[in-house]
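Examination of the molecular architecture
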Amino acid sequence: MASRSSLSYAQRAEEHRSPLVKKLFAIAERKKTNIVLSADLTTTNELLDIADRLGPYIAVLKTHIDIVSDFGTSTIDGLTQLAQRHDFLLFEDRKFIDIGNTVQKQYKGGALRIHDWAHIINASILAGEGIIQALDQTICDAGVSERGILILAEMTSKGSLAVGEYTRASVEIARKYPQSVLGFVSTKELSSHSPAASPNEDFVVFTTGVNLSSKGDALGQQYQTPTMAMAGGSDFLIAGRGIYAAADPVTAVKEYQKAGWDAYQQRIRSSSK
Ligand code: 5BU
């Protein structure tokens, strides 16, 4: 089957069955951006300040909420208000990885109340299918339409073991939970060439490790450029330090926005020829 990534976000929004994916693609079209800001700031003030300044240029804000040293109600309320004001979604990069019973508690309750505010979460299938079943159950039982899971099918760090059979199993499990699994965090598009792909299948691909000027860091991170990621079938580009740690983060986010959008337009133009 041809990859859905040759279609425009608008067309995919129209044809997708998930209200959350429809909203995500509609935001991308409206704001002309496929950038996910990885806002790895460690205080509520810094996090809300960057979300407010860069919010107009991004489709999604990704958090690691457990690194916020003064996390509290004001963190969540602030993020939720800014997401509404600037029209972006919230993605908590919690990487759930435990048995089903535990992840339900981690997702729904605890100190972080992730289900209350994060539209998107991610999970590893290392523990088996039960983890996705558990998160799917929490989402379906809550009856909130704008909640979804990305399966962590690959990782960008050097020597990652999320490869081969693990990655293949991620795709197989994703197919069983169409109500709640939106797609993958992966370095490239994974599913369309599999013989099991159905014609209407449209997984969304979020790609981390995106940077315009660096190839990696001293702790094993490995980067690709926005153009490379989009050519590989990525739909949303996750960038952190390349943007928030730049001398001028607003100028930087506009550069990433332009690079990501140009590469997206190039992709849909070349596949319509
Ligand atoms: P950076 O500053 O652009 O390197 O930040 C990358 C972010 O994406 C950071 O929050 C990581 O935890 C996250 N990440 C990643 O880098 N690689 C992966 O495979 C996954 C997440 Br999954």
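Quick notes on the rules
- Residues numbered from 1 in each chain as written.
- Predicted model: local features only at pLDDT ≥ 70, side-chain atom pairs only at ≥ 80, totals over all residues.
- Heavy atoms only, no water.
- Helix = DSSP H or I, 4+ residues; strand = E, 2+ residues; numbered from the N terminus.
- Axes fitted to C-alpha atoms, helices over the stretch in contact; angles between N-to-C directions.
- Parallel < 35°, antiparallel > 145°, perpendicular 65-115°, else oblique.
- Left-handed = near helix turned anticlockwise from the far one by under 90°.
- Contact = heavy atoms within 4.5 Å.
- Nonpolar A, V, L, I, M, F, W, Y, C, P; charged D, E, K, R; others polar.
- 1 Å grid on protein atoms, 1.4 Å probe; cavity = no way out; pocket = protein on both sides within 12 Å on 5 of 7 lines; lining within 4 Å.
- Points joined across faces, edges and corners; volume = space filled by probe spheres on them.
- Expected span 1.5 Å × (residues − 1).
- Buried < 20%, exposed > 50% of the residue type's maximum accessible area, 1.4 Å probe, protein only.
- Arc of directions from axis to C-beta.
- Polar contact = N/O pair within 3.5 Å; in protein donor to acceptor, adjacent residues only side chain to side chain.
- Salt bridge = Lys/Arg side-chain N within 4 Å of Asp/Glu carboxyl O.
- Near = heavy atom within 4 Å.
- Areas by Shrake-Rupley, 256 points an atom, 1.4 Å probe, with all protein chains shown as cover.
- Sits in = over half its atoms within 2 Å of the grid points.
- Pairing = 2+ DSSP bridges.

If you check an unreviewed UniProt entry, the chain appears there as Orotidine 5'-phosphate decarboxylase from Capronia coronata CBS 617.96.

Turning to the environment of Q84, a few remarks are in order. Tracing the backbone through its elements, the reader meets Q84 in helix 4 (residues 73–86). For Q84 and A39, which are 45 residues apart along the polypeptide, the C-alpha to C-alpha distance reads 17 Å.

It is worth spelling out the packing of helix 5 (residues 100–108) against helix 7 (residues 130–142) at this point. Where helix 5 contacts helix 7, the two axes come as close as 8 Å, and the packing angle between them is 40 degrees. In terms of orientation, helix 5 lies oblique with respect to helix 7. In this structure, helix 5 meets helix 7 at a crossing whose hand is right-handed. Contact residues: helix 5 offers G100, V103, Q104, Y107 and K108, while helix 7 offers G130, I131, A134, L135, Q137, T138 and I139. In terms of residue class, the contact of helix 5 with helix 7 is made up of six nonpolar, five polar and one charged.

This structure, assessed with the given rule, holds one cavity of 30 Å³ or more. Computed from the structure, the largest cavity encloses a volume of approximately 80 Å³. If you go around the largest cavity, you meet 14 residues; those closest to its centre are R4, E189, S191, D202 and F203. Taken together, the residues that form the lining of the largest cavity break down as three nonpolar, five polar and six charged.

Time to look at helix 2 (residues 19–31). Think of an α-helix as 3.6 residues a turn; residues three or four steps apart then line up on the same face. In this model helix 2 runs 18 Å from its N-terminal to its C-terminal C-alpha over 13 residues, within 8% of the 18 Å that 1.5 Å per residue would give. Every buried residue of helix 2 is accounted for by L20, V21, L24, F25, I27, A28 and K31. Within helix 2, the buried residues cover an arc of 155 degrees as seen down the axis, which keeps them to one side. The distance from a side-chain oxygen at the start of helix 2 to the backbone nitrogen of L20 is 3.2 Å, and the residue carrying that oxygen is S18. Positive backbone phi, approximately 50 degrees, marks K32, located one or two places after helix 2.

A separate point is the pattern of salt bridges. Side chains that differ in charge, positive against negative, can pair when their charged atoms come close. For the structure shown, the criterion picks out 17 salt bridges. The salt bridge partner of D93 is K62, with a shortest N-O separation of 2.6 Å. Taken together, the residues D93 in strand 3 (residues 89–96) and K62 in strand 2 (residues 60–63) connect sequence positions 31 residues apart. Comparing D93 with K62 shows no difference in burial state: the two are buried.

With respect to spatial proximity, 16 residues lie near the ligand, and among them D40, T156, Q221, Y223 and R241 are the closest. For the ligand, an oxygen atom lies 2.9 Å from a polar atom in the backbone of G240. Expressed as a share of its isolated accessible area of 500 Å², the protein-covered part of the ligand is 90%. If you map the ligand onto the pockets, it falls in the largest pocket. Along the lines of polarity and charge, the residues of the shell around the ligand split into five nonpolar, six polar and five charged.

This brings us to the sheet that holds strand 5 (residues 148–152). In a beta sheet, neighbouring strands are held together by backbone hydrogen bonds and run either parallel or antiparallel to one another. Spatial ordering of the closed barrel is given by 1-2-3-4-5-6-7-8, a layout of eight strands whose pairing is parallel. Here the strands of the sheet are splayed against their neighbours by 25 degrees on average, with no regard to which way each runs. Note: strand 7 (residues 204–207) against strand 8 (residues 236–239), two bridges, orientation parallel. Opposite T207, over in strand 8, you have L237 as the bridge partner.

Glancing now at the side chain of Q224. Mapped onto the secondary structure, Q224 falls in the loop between strand 7 and helix 9 (226–231). Here the side chain of Q224 touches T187 through a polar contact of 3.0 Å, landing on its backbone oxygen. The residues contacting Q224, other than those within four sequence positions of it, are T187, T207, G209, V210, N211 and A229.

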